[in-house]
Amino acid sequence: MEPVSHGGGIDTISAQGKAKETDFILTSGEIARALEDVGIPVEVIENFTSTTELDTAMRKLYDV
């Protein structure tokens, strides 16, 4: 899995276009609301430094 954004910010229009190239999006609630329907799962992450929260999201999205 390769991240859409490599350390820099990405705007919602770019994210909508990149959605065709990825399985899902992990993002903040504010960006998730702005994305509308991108045709793939969008998972809201409250704390990107929480390995537990990220692990839970990944397991849910990958049905592990």
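Check the entry above for the structure.
Procedures and definitions
Think of each chain on its own: its residues are numbered from 1, step by step along the sequence as written. Per-residue local features are limited, in this predicted model, to residues with pLDDT of at least 70; the limit for side-chain atom pairs, both in listing and counting, is 80 or more; totals at the level of whole chains, interfaces and linings are taken over all residues. Only hydrogens and water are set aside when side-chain values are computed; all heavy atoms of the structure are taken into account. The numbering of helices and of strands both runs from the N terminus, where a helix is a DSSP run of H or I of at least 4 residues and a strand a run of E of at least 2. Only protein chains enter the accessibility calculation, which uses a 1.4 Å probe; a residue is then buried when its area is under 20% of its type maximum, exposed when over 50%, and partly exposed in between. The contact criterion used is simple: two residues touch if any of their non-hydrogen atoms lie within 4.5 Å. Accessible surface area values rest on a Shrake-Rupley calculation with a 1.4 Å probe, where residue burial reflects the displayed protein chains alone. Any Lys or Arg side-chain nitrogen found within 4 Å of a carboxyl oxygen on Asp or Glu counts as a salt bridge. Centres within 6.5 Å are what make two rings of Phe, Tyr or Trp a pair, Trp counting through its six-membered ring; a difference in plane orientation under 30 degrees is then read as stacked, over 60 as edge-to-face, and the rest as tilted. What is meant by a nonpolar core is a set of buried Ala, Val, Leu, Ile, Met, Phe, Trp, Tyr and Cys residues, joined one to another through side-chain atoms within 4.5 Å.

Once that is clear, we can look at the overall build of the protein. The number of helices and strands found in the protein is 3 helices and 2 strands. Ordered by position from the N terminus, the helices and strands of the protein form the series α-β-α-β-α. For the protein, buried positions account for 22% of its 64 residues. A sequence separation of at least 24 residues applies to 16% of the contacts in the protein between residues at least 6 apart. Of the roughly 4,700 Å² that the protein leaves accessible, carbon and sulfur atoms contribute 51%.

A few words on the pattern of salt bridges. Scanning the entire structure with this criterion turns up 3 salt bridges. Among the salt bridges present, the one from Arg33 reaches Glu30, with a minimum N-O distance of 3.9 Å. Of the two residues, Arg33 and Glu30 are both situated in helix α2 (residues 29-35); the distance of 3 residues between them amounts to about one turn of the helix. Each of the two residues, Arg33 as well as Glu30, counts as exposed.

Moving on: the environment of Ala34. Within the secondary structure, Ala34 sits in helix α2. Taking the C-alpha atoms as reference, Ala34 lies 9.9 Å from Gln16; in sequence the two are 18 residues apart. Once residues within four sequence positions are removed from consideration, Ala34 is found in contact with Thr12 and Gln16.

Moving on, we come to the packing of aromatic side chains. One pass over the structure, following the stated rule, counts 1 aromatic pair. Plain terms: the ring middles of Phe24 and Tyr62 are 5.4 Å apart, the flat faces sit at 80° to each other, and that makes the pair edge-to-face. In this pair, Phe24 is assigned in the loop between α1 (12-18) and β1 (25-27) and Tyr62 in the segment after α3 (51-61), connecting sequence segments 38 residues apart. Given a relative accessible area of 9%, Phe24 falls into the buried group.

To continue, consider the nonpolar core. One broad rule of soluble globular proteins: the nonpolar side chains tend to lie buried together. Grouped together as the largest cluster of nonpolar side chains are 6 residues: Ala15, Ala19, Ile25, Leu35, Val38 and Ile40. Sequence-distant contacts of Val38, defined by excluding residues within four places in its chain, comprise Gln16, Ala19 and Ile25.

In short, geometric facts, not functional conclusions.
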